[in-house]
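# Observations on the model geometry
Chain by chain, the residues run as shown.
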Amino acid sequence: MFIKKRPTWALPDSEITPEPVYLNRRRFMSGTVAVAAGLSMPGLLSAAELPVQGESLNFVPMPDYSTGEEKTPFKDVAQYNNFYEFGTGKGDPARYADELSVDPWSVVVEGECEQPGEYALEDLLKPHNYQERVYRLRCVEAWSMVIPWIGVPLADILKRLQPTSRAKYVYFETLYDPDQMRGQRSLFSTIDWPYQEGLRMDEAMNELSFLAVGLYGKTLPKQNGAPIRLVVPWKYGFKSIKSIVKIRFEEERPKTTWEMIAPQEYGFYANVNPEVDHPRWSQKKERRLPSGLLSPNWMETAKFNGYGEQVAHLYKGMDLRKFY
């Protein structure tokens, strides 16, 4: 009998973040972030306001794509978010994302591919069995979680769309609808909406790249990027774009939102790298959530978020200080 070796990036169950800590972001990015991040989690919802989980999903557990760590509790995952479409506070997405309607939902596919068009979400997904993969999430703000995602490999979807030989990059776009997303109608927003992200084609086709439609066995909460979001576990969390409405195959490298806002701080690649500090704080350590004043739960950050065996070859010969 063939038994697949456990991946080197898999961690023990004792290290997975509990479910309730995953909802807040940008205010975290002050000059004192390295200290303040470890001390408190302001703005969380009260127990009476906790978001409910969605509908149950049928899925196949994928132990070869699991860290083996203790999972972050759902309550935390659903309360501590960065989703600026609903506000800059960590609790804003949980408070306001219910204003978003996600049914029906469609995704526009365009660019250098043989199967362009507008696809109802169920048509885009229905040929595939859902998988559960437990991945680490490392935010550029130096906090982290461990989340059991439900979804399908990104490569499986992209192959069906038949990219041409000219397709070198994959561009993704979040819904733009200020009537439903109050952060998009803010007069103080620094983001030129809609939110935009991109991957090099070999990154998109990597075995770890994942399109998530659920977590903790049920459909995605709206504040976590419902109904479909990207999960790229070896990159900082802002690369994992939420509420996707467009996929475009491009020959030239696309501009991405945070790269356009602050290119000296956020590069296109955004690979987790403790050797390259953010201009305003160190990336050598991370605060695993949940944590608090008496238990800040700091730990060392691993290069590529611990997934180097699967992805380091993608960047062979590249200067990762230059291509950050």
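Source: prediction; values computed, not measured.

Broken down by element type, the chain carries eight helices and 13 strands. For the chain, the residues scored as buried account for 57% of the 324 residues in total. By sequence separation, contacts in the chain at least 24 residues apart represent 78% of the contacts at least 6 residues apart. Per element, the accessible surface of the chain, about 13,900 Å² overall, is 52% carbon and sulfur.

Following the criterion strictly, the structure yields 13 aromatic pairs and no others. Seen from their ring centres, Tyr135 and Phe210 are 6.2 Å apart, and the 75° between their planes marks the pair as edge-to-face. In this pair, Tyr135 sits in strand 4 (residues 131–138) while Phe210 sits in strand 8 (residues 210–215), placing the two residues 75 residues apart along the sequence. Neither Tyr135 nor Phe210 differs from the other in exposure class; each is buried.

Further remarks concern the pattern of salt bridges. The final tally for this structure, using the stated rule, is 21 salt bridges. Note that Asp123 and Lys126 form a salt bridge whose closest N and O atoms lie 3.3 Å from each other. Arg253 is the partner of Glu259 in a salt bridge, and the nearest nitrogen-oxygen pair spans 2.5 Å. Here Glu259 falls in the buried class, since its relative accessible area comes to 9%. You can call Arg253 partly exposed: its relative accessible area is 37%. Linked through salt bridges whose partners overlap, the residues forming this network are Glu69, Arg136, Arg138, Glu286 and Arg288.

We now examine the confidence of the model for the chain. With 84% of its residues at a pLDDT of 70 or more, the chain shows a mean pLDDT of 88. Low pLDDT, under 50, characterises residues 1–48; the stretch is placed with 199 contacts to residues that sit more than four places away or in other chains.

We now examine the sheet that holds strand 7 (residues 196–200). Pairing in this open sheet of five strands is mixed, and the strands run 3-2-11-6-7 from one edge to the other. Edge positions in the open sheet fall to strand 3 (117–120) and strand 7, since each of these has one partner strand only. On average, each strand axis in the sheet is inclined to that of its neighbour by 20°, with strand direction left out of account. The pairing of strand 6 (residues 169–174) with strand 11 (residues 244–250) spans six bridges and is antiparallel. Residue pairing across strands places Val170 opposite Phe249, the latter belonging to strand 11. The strands touched by helix 5 (residues 154–161) within the sheet are strand 2 (106–111), strand 3, strand 6, strand 7 and strand 11, with strand 11 carrying the most contacts at an inclination of about 65°.

Below, the discussion takes up the environment of Tyr315. Its place among the elements puts Tyr315 in the segment after helix 8 (308–311). For the pair Tyr315 and Tyr269, spaced 46 residues apart in sequence, the C-alpha separation works out to 10.0 Å. Those residues in contact with Tyr315, other than ones at most four positions away along the chain, are Arg200, Glu203, Trp234, Lys235, Tyr269, Asn271, Phe304 and Leu320.

Our next topic: the pairing of strand 3. The sheet contact formed by strand 2 and strand 3 spans four bridges and is antiparallel. Across the sheet, Val108 pairs through a bridge with Glu118, a residue of strand 3. Counted along the chain from strand 2 to the antiparallel partner strand 3, the turn is five residues long.

By the criterion of burial, strand 6 is predominantly enclosed, with six of the six residues buried. Neither face of strand 6 is left uncovered, since the one carrying Tyr169, Tyr171 and Glu173 and the one carrying Val170, Phe172 and Thr174 both have all their residues buried. For strand 6 and strand 7, the ladder comprises five bridges, and the chain directions are antiparallel. Bridge pairing in strand 7 links Phe172 to Glu197.

Turning to the side chain of Glu141, a few remarks are in order. Take Glu141: it is sitting in the loop between strand 4 and strand 5 (143–153). We classify Glu141 as buried; its relative accessible area is 0%. Here Lys90 takes part through its side chain, which lies 3.2 Å from a polar atom of the side chain of Glu141. A distance of 2.8 Å separates the side chain of Glu141 from the side chain of Trp143, its partner in a polar contact.

Turning our attention to the environment of Asn129. Mapped onto the fold, Asn129 is located in the loop between helix 4 (121–125) and strand 4. Along the primary structure Asn129 and Gly151 are separated by 22 residues, whereas in three dimensions their C-alpha atoms are 8.1 Å apart. Not counting residues up to four positions away in its chain, the partners in contact with Asn129 are Gly151 and Val152.

About the cut-offs
- Residues numbered from 1 in each chain as written.
- Predicted model: local features only at pLDDT ≥ 70, side-chain atom pairs only at ≥ 80, totals over all residues.
- Heavy atoms only, no water.
- Helix = DSSP H or I, 4+ residues; strand = E, 2+ residues; numbered from the N terminus.
- Buried < 20%, exposed > 50% of the residue type's maximum accessible area, 1.4 Å probe, protein only.
- Contact = heavy atoms within 4.5 Å.
- Areas by Shrake-Rupley, 256 points an atom, 1.4 Å probe, with all protein chains shown as cover.
- Phe/Tyr/Trp six-rings, centres within 6.5 Å; stacked < 30°, edge-to-face > 60°.
- Salt bridge = Lys/Arg side-chain N within 4 Å of Asp/Glu carboxyl O.
- pLDDT = per-residue confidence, 0-100.
- Pairing = 2+ DSSP bridges.
- Axes fitted to C-alpha atoms, helices over the stretch in contact; angles between N-to-C directions.
- Polar contact = N/O pair within 3.5 Å; in protein donor to acceptor, adjacent residues only side chain to side chain.

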